[in-house]
Every structure is written in C-alpha cells, then in structure tokens.
Amino acid sequence: MSAVVDGRTAAALRDHAARLRERLGLVEAPILSATGLWLLLGAVAEVVEDPAERAALESVLGMPAPEASAVVAALLADPHPAVGAALGGWVRPDLTLRAPVPGPVPVVPLPGQAALDAWAREHTRDLIGSFPVQVDDRTLLLLASALVTEPRWRERLSTARDGLLELDGELQAVVPTESAGPVGVACPPTDDGIDVISVIAAPGVAPGEVWRAVDEVVARRLGGALAHGDRPAGPLGDGHAWRVRERTESFTARRAPEDGAELWTGRLPAWHVDARHELTGAPGVVEVGRGLARLVPSAALVDGLELRCVQAATATYDATGFRAAAVTALEMRAAGMPAYVDRTVRRVVLTFDRPHALVAVARGGSWEGLPLFHAWVTPAGTPRP
C-alpha cells in the first residue's frame, strides 16, 4: 500500500459521501459516486490558497490539501485491478493560464464535444456514452474525473419466478446497528476485489439513518467482524426483511447439508439506473472554483466567471454482477459569477415497500476500503406515494 494512502483515506471518503448526500439531498439518489467528486477536488486542492477557503476545503476532504493531492496521485499510480480511474483537464486553446493547474491532472487544449464524449466512453468502458457537459467557445477551463468498476459474481445468481435474483450462501447476515436497528445484509462473493453490499432496514427508517447503518456494516466488514450467518445474540426469529422456517427439502447426496444446518437465501432485485447530478453546490466545489479562477487571465474574465459541476452516473445489478460508472466534470465558463447560498431542505422519508441501500467498496492495495459508488435501490413495481 502506498505510504500516503491508509485507513484514514477510506474514512475521509465515507465522511465526504455522507456530507454530500445530506448537503444536496441525495440520500435517495439512484446512483452516485461521491468518490468521483472527491478525486476531482483532491487532485487540485492545492490551487486554493486563501487560508479560510483552504481550511473549508480541507474539512471537506478530511485531510490537508497537499496530502489529498498526493493520495489521488498514489491511487492513480497504483490502480485497483477492478477499478478504472482517470483525470482529465482541458483549457481553451487560445488561453494561457497564469500558472499550471496543480496536482496530477493532465491539462491539454480543449477539443470538440465529440472528443470529450469519446474520453467519457474510453474511461468508463462504454458505460457512459457522452460527456456530462456541453462545451462551447465560452468554456475556459474544464476538469473531469472518471470512475468505473464491473465486478462479476463468483457464481451466476438464479432468478425466481417472481423475477427476483436469488443468492444462496455467503455473504448474508442480520446485523444489529446503532443507526437503524437490525438490518439485513447481502453481498454476493466476487473474485474481483470489490464488495457490493446491499443493506435493508425496517420500513419507515429514514434513508439517512440507513446510510449511517451502511457505514457501520462496512466498518465491520473491513475490520473482519462480519461473517456469513451473523445475527443478533439468541435464536433468530422472523424480522422486517427475513423469515425463518423449518422445512424439509431435497438435495443431491454429494451436496446435502447436515440435518439442522442453517441455510440462507437472499432475494434481490435486478435493476438498471442512469442519473445526472448537479454538484455545483457540493461542499468544496466553490472553494476549488475560486482557486482555479485565479489561474485564468483577467482578459478572459471581462464578463465574470461561471462555475458548474455535474456528474453523470450509471449502474446495473443483475444475475452476473454489478456495473457502475461516473464522470464528474467541473467547468469554468466566461459569464456572470452566480451567487451561492445555503438552503435548509425538507427531508421526505419514503414509505414504499422495500427500498434499500447499496455500496460498492474496493478491497486490497491502495484502494482498500474506498467506497466507489452508492445507490438507493427502489425495486421495479414498488409503489410510490
């Protein structure tokens, strides 16, 4: 593992994801890569020189700006075998920046939209077909990150008559949590070094509490304290998402369990989602934008500067595995600089039948424990208010 990447990095990224979901009301986002945004902000964090803004950004990143930049460089230099990650930077061809963009972002002349779309496809293995922003002659500076993973289940999941996927065996558990009480956990095994963990809480538990429970489950998993068949102390009875029954079943003699053995079957929905998130108001984005603005020549800022951050994300969960990708773009345009204000948003707790949370976590090497993607899964056919 790289000397600059350790357990604190994973903790910082989990905290950043929680802040992002709460700040922008994304607790029920169908797919989101907070890590994609963190990589982008961390890569150029040293561009923020104002002491107050640097302190605000470092609070968002969970570490000093130079360390964040070093972490991003180390992750790119020591790639995870099942994770594709890339950074890109482009400047308008007729524009010479006052100083280079700091950190591990390669900056080249801005090409046309078709080339940017091709960049998005190349670095997301064709999962995202177009770049999340449309550029024109007012685009001055453009930075982007791409993140993709495609872990495959060790064994293909079967499909029940009702369309749900069935996972037999590991890893399934009932985990007591402080945030949401007992939750059901399912994590189909892969050989790709990616844990895709589904967590379901009781109906009526607020999504924010479910995500906090997810962090508890992930911490147990990373700490080696989560095993197949775990449950609260005492006999396991029926719960909000599980039933316990004694019954007689037929098995082939070669694979027959012992009498009285406990067998687990998880029933999970197959799903596909595409999402687009406006992240301009995300913590840290404005601070980085102001730092980058100081690199732009004043002649290009006659009419002011407009900052925008957008993420396009996609994910599929099916019988063969999990596929997810995100491209996060930070664009600086010649325009009037918009004002930014904090807003208190109203959180709505959905009461549809069986929503659940999903997180894809990298295992091994410099990427150990990093949360790559978060998804709030609403099975097809689930009633909505």
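Computed from a prediction, not measured in an experiment: that's the story for all the values here. (Residues numbered from 1 in each chain as written. Predicted model: local features only at pLDDT ≥ 70, side-chain atom pairs only at ≥ 80, totals over all residues. Heavy atoms only, no water.)

1. Quick notes on helix 6 (residues 207-222)
Definition in use: The helix count covers DSSP runs of H or I at least four residues long, the strand count covers runs of E at least two residues long, and both are numbered beginning at the N terminus. The length a helix should cover is 1.5 Å for every residue beyond the first. When accessible area is computed with a 1.4 Å probe and restricted to protein chains, residues below 20% of their type maximum are described as buried, those above 50% as exposed, and intermediate ones as partly exposed. Should any heavy atoms of two residues lie within 4.5 Å, those residues are counted as being in contact.
End to end, helix 6 covers 22 Å across 16 residues, agreeing with the expected 22 Å (1.5 Å per residue, within 8%). Those residues of helix 6 that sit buried are Pro 207, Gly 208, Val 210, Trp 211, Ala 213, Val 214, Val 217 and Val 218. In this structure, the buried residues of helix 6 make contact with helix 1 (7-24), strand 6 (172-177), strand 7 (181-186), strand 8 (194-200), strand 13 (356-362) and strand 14 (371-377).

2. Brief notes about the packing of aromatic side chains
Just so we agree on the cut-off: Only Phe, Tyr and Trp rings are paired, with Trp represented by its six-membered ring, and only when their centres lie within 6.5 Å; those with planes under 30 degrees apart are stacked, over 60 edge-to-face, the remainder tilted.
For the coordinates displayed, the defined rule picks out eight aromatic pairs. Ring plane angle 65° and centroid distance 6.5 Å describe the contact between Tyr 317 and Phe 322, whose orientation is recorded as edge-to-face. With relative accessibility at 0%, the residue Phe 322 sits in the buried group. Cluster of aromatic residues (ring-pair linked, three or more members): Trp 153, Trp 271, Tyr 317 and Phe 322.

3. What to know about the sheet that holds strand 5 (residues 165-168)
The following threshold applies: In this description, strands pair whenever DSSP reports at least two bridges between them.
With antiparallel pairing, three strands are arranged side by side in an open sheet as 4-5-9. Two strands close off the open sheet at either side, each with one partner strand: strand 4 (158-159) and strand 9 (265-268).

4. What about the confidence of the model for the protein chain?
Note the cut-off: pLDDT expresses how confident the predictor is about each individual residue, on a scale running from 0 to 100.
When pLDDT is averaged along the protein chain, the result is 87; 88% of the residues meet or exceed 70. For residues 345-353, every residue scores under 50 in pLDDT, and the model assigns this stretch 19 contacts once sequence neighbours within four places are set aside.

5. Observations concerning unusual backbone geometry
For Arg 125, which is not glycine, the phi torsion reads 55° and is therefore positive. On the secondary structure map, Arg 125 appears in the loop between helix 5 (113-123) and strand 3 (139-149). Positive phi values are uncommon outside glycine, yet Asp 126 reaches one of about 70°. Locating Asp 126 in the fold gives a position in the loop between helix 5 and strand 3.

6. Comments concerning the nonpolar core
Definition in use: In this description, a nonpolar core means a group of buried Ala, Val, Leu, Ile, Met, Phe, Trp, Tyr and Cys residues linked to one another through side-chain atoms lying within 4.5 Å.
In this structure, Trp 38, Leu 292, Tyr 317 and Phe 322 are the most contacted members of the largest nonpolar core, which totals 83 residues. The dominant element in this core, judged by the number of residues it contributes, is helix 2 (residues 34-43), at seven residues. Leave out the neighbours within four places in its chain, and Leu 292 touches Val 47, Val 101, Leu 141, Leu 143, Leu 330 and Met 332. Among the nonpolar cores identified, the runner-up in size contains 22 residues, and Val 27, Val 175, Ile 197 and Val 217 belong to it.

7. Overview of the sheet that holds strand 10 (residues 271-278)
Keep this limit in mind: Simply put, an axis is a line fit to the C-alpha atoms, just over the touching stretch for a helix, and the angle between two N-to-C directions goes from 0 to 180 degrees.
Pairing within the open sheet is mixed, and its six strands lie in the order 2-1-3-12-11-10. If you trace the sheet from one side to the other, it starts and ends with strand 2 (107-109) and strand 10, each paired once. Direction aside, the axes of adjacent strands within the sheet are offset by 15° on average. As paired elements, strand 10 and strand 11 (residues 305-317) share eight bridges and run antiparallel to each other. Of the residues in strand 11, the one forming a bridge with Val 273 is Ala 315. Docked against the sheet, helix 7 (residues 285-293) engages strand 3, strand 11 and strand 12 (322-334), running at close to 45° with respect to strand 12.

8. Looking at the pattern of salt bridges
Going by this rule: Think of a salt bridge as a Lys or Arg side-chain nitrogen and an Asp or Glu carboxyl oxygen that are within 4 Å of each other.
Counted by the stated rule, this structure contains 22 salt bridges. Here Asp 6 ties to Arg 8 by a salt bridge, and the two come within 3.2 Å at their closest N and O atoms. On the basis of relative accessible area, Asp 6 is assigned to the partly exposed category, the value being 26%. Here Arg 8 falls in the exposed class, since its relative accessible area comes to 52%. Arg 323 is paired through a salt bridge with Asp 318; the nearest N and O atoms lie 2.6 Å apart. Of the two residues, Arg 323 and Asp 318, neither departs from the other in class, the shared state being buried. Connected through salt bridges with shared partners, the residues Asp 195, Arg 221, Arg 363 and Glu 368 form a single ionic network.

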